[in-house]
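Observations on the model geometry
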Amino acid sequence: MKHILLSTAYFAPVQYYSKLLSGNIIIEKHEHYNKQSYRNRCRIYTANGPLDLVVPVVRAENPKIPVTQVEIAYDTLWQKLHFKAIESAYRRSPFFEYYVDDLIPFFTGHYRYLYDFNTRIMHTVCQLIGLPLKVQESEAYMGNGENIVDLRDGIHPKVNRQVPDPGFIPPVYTQVFEDRFGFIPNLSILDMLFNVGPETVELLAG
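Now for a description of the structure that goes with this document. All values derive from a computational prediction rather than experimental measurement.

1. A closer look at the overall build of the protein chain
Each helix and strand in the protein chain was counted, giving seven helices and six strands. Reading the helices (α) and strands (β) of the protein chain from amino to carboxyl end gives β-α-β-β-β-α-α-α-β-β-α-α-α. Taking 2.2 N^0.38 as the reference for a compact globule, 206 residues should give roughly 17 Å; the C-alpha atoms of the protein chain span a radius of gyration of 16 Å, in line with that estimate. Considering only C-alpha atoms, the protein chain reaches an extent of 45 × 40 × 30 Å along its principal axes. Looking at the protein chain as a whole, 48% of its 206 residues qualify as buried. A separation threshold of at least 6 residues defines the contact pool for the protein chain, and within that pool the share at least 24 residues apart is 70%. Of the roughly 10,700 Å² of accessible surface on the protein chain, a fraction of 51% belongs to carbon and sulfur atoms. Of note, the protein chain has its 20 positive side-chain charges centred 6 Å away from the centre of its 22 negative side-chain charges.

This is how it looks when you write it as structure tokens:
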């Protein structure tokens, strides 16, 4: 059975969490940090359409900084802004009040490293949706191999960077603002969590 290779991600998109169902996941721990990816951003659905929330990081002198050494920057109030945007987008969703208290620590606590922050988010979200999390971390940088499905940069916010993924069919569900802009697939897992709650895993499984 092939392993699926994923990067770290901030409130990763639905596609990412659909892969976690397989139980054959390796999280790349030894890559160099790549900007403008889901490693430090997520996409939510607001009253004005899709919105990217970006976690600022400390600019390192080394452009090839290991992803585990990337530090979160706190010289702006990004946590407050992210939470305000999420609250505004989803406070009318069916399950916002049910889950929000479990997520508040990510917008109030201080986490030094982006990788550790994202890992904690992933574990928390999986607990909330009842998804048994069976992942490995790479012991060294992973190259491509016949037993590896490499989605480290294949699940990407830019359409022209996405890798074809025939196994993924975006689940359809009711979204808060779909009467304005229609259904938007593959947003942050937060979108599914707040809109469908305990049905999330069933929808991810297809």
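From this point, the narrative continues.
2. Concerning the nonpolar core
Judged by nonpolar contacts, the single largest core of 59 residues is most densely connected at Phe11, Tyr16 and Tyr17. At eight residues, helix 4 (residues 114-129) tops the list of elements feeding residues into this core. Leave out the neighbours within four places in its chain, and Tyr16 touches Leu6, Ser7, Thr8, Ala9, Ile27, Met122 and Ile155.

3. Observations regarding the pattern of salt bridges
For the coordinates displayed, the defined rule picks out nine salt bridges. Note that Asp165 is salt-bridged to Lys19, the shortest N-O span being 2.8 Å. One end of the pair, Asp165, is in the loop between strand 6 (148-150) and helix 5 (178-181); the other, Lys19, is in helix 1 (residues 14-20), with 146 residues separating them in the sequence. Summarising the burial analysis for this pair, Asp165 and Lys19 share the class buried. With a closest N to O distance of 3.4 Å, Arg112 and Glu71 form a salt bridge. Taken together, the residues span a long stretch of sequence, with Arg112 in the loop between helix 3 (96-103) and helix 4 and Glu71 in the loop between strand 4 (49-54) and helix 2 (78-90) at a distance of 41 residues. You can call Glu71 partly exposed: its relative accessible area is 28%.

4. Points about the sheet that holds strand 6
Read across the sheet, four strands follow the order 5-2-1-6 without closing on themselves; strand pairing throughout is parallel. The open sheet terminates on both sides in strands that have one partner only, identified here as strand 5 (135-137) and strand 6. Within this sheet the neighbouring strands show an average axis-to-axis angle of 30°, counted without direction. With three bridges connecting them, strand 1 (residues 3-6) and strand 2 (residues 25-27) associate as parallel partners. By the bridge assignment, Ile4 is partnered in strand 2 with Ile25.

5. Re empty space enclosed by the protein
Here the structure, examined in full by the defined rule, presents two cavities of 30 Å³ or more. The space that makes up the largest cavity amounts to roughly 70 Å³. As for the largest cavity, its lining consists of Thr8, Ala9, Phe11, Ala12, Tyr16, Tyr17, Ile27, Asn118, Thr119 and Met122. Counting residues per element, the ones that place at least two in the lining of the largest cavity are helix 1 and helix 4.

6. Here's the deal with the pairing of strand 4
Bridge count for strand 3 (residues 41-46) against strand 4 is six bridges, and the pairing is antiparallel. Across the sheet, residue Cys42 finds its bridge partner in strand 4, namely Leu53. From the end of strand 3 to the start of strand 4, which pair antiparallel, there are two residues.

7. Structural notes on the packing of aromatic side chains
Per the stated rule, a full pass over the model turns up 18 aromatic pairs. Here the aromatic rings of Tyr10 and Phe117 are separated by 5.9 Å at their centres, their planes lie at 25°, and the arrangement is stacked. Placement of the pair is Tyr10 in the loop between strand 1 and helix 1 and Phe117 in helix 4, with a sequence separation of 107 residues. Here the two residues Tyr10 and Phe117 agree in accessibility, since each one is buried. Their ring planes at 40° and their centres at 6.0 Å tell us that Tyr74 and Trp78 sit as a pair that is tilted. In this structure an aromatic cluster arises from ring pairing among Tyr10, Phe11, Tyr74, Trp78, Phe83, Phe106, Phe107, Tyr111 and Phe117.

Definitions and limits used
Residues numbered from 1 in each chain as written. Predicted model: local features only at pLDDT ≥ 70, side-chain atom pairs only at ≥ 80, totals over all residues. Heavy atoms only, no water. Helix = DSSP H or I, 4+ residues; strand = E, 2+ residues; numbered from the N terminus. Rg over C-alpha atoms; globule rule 2.2 N^0.38 Å. Buried < 20%, exposed > 50% of the residue type's maximum accessible area, 1.4 Å probe, protein only. Contact = heavy atoms within 4.5 Å. Areas by Shrake-Rupley, 256 points an atom, 1.4 Å probe, with all protein chains shown as cover. Lys, Arg positive; Asp, Glu negative; His and termini not counted. Charge placed at Lys NZ, Arg CZ, Asp CG, Glu CD. Core = buried A, V, L, I, M, F, W, Y, C linked by side-chain atoms within 4.5 Å. Salt bridge = Lys/Arg side-chain N within 4 Å of Asp/Glu carboxyl O. Pairing = 2+ DSSP bridges. Axes fitted to C-alpha atoms, helices over the stretch in contact; angles between N-to-C directions. 1 Å grid on protein atoms, 1.4 Å probe; cavity = no way out; pocket = protein on both sides within 12 Å on 5 of 7 lines; lining within 4 Å. Points joined across faces, edges and corners; volume = space filled by probe spheres on them. Phe/Tyr/Trp six-rings, centres within 6.5 Å; stacked < 30°, edge-to-face > 60°.

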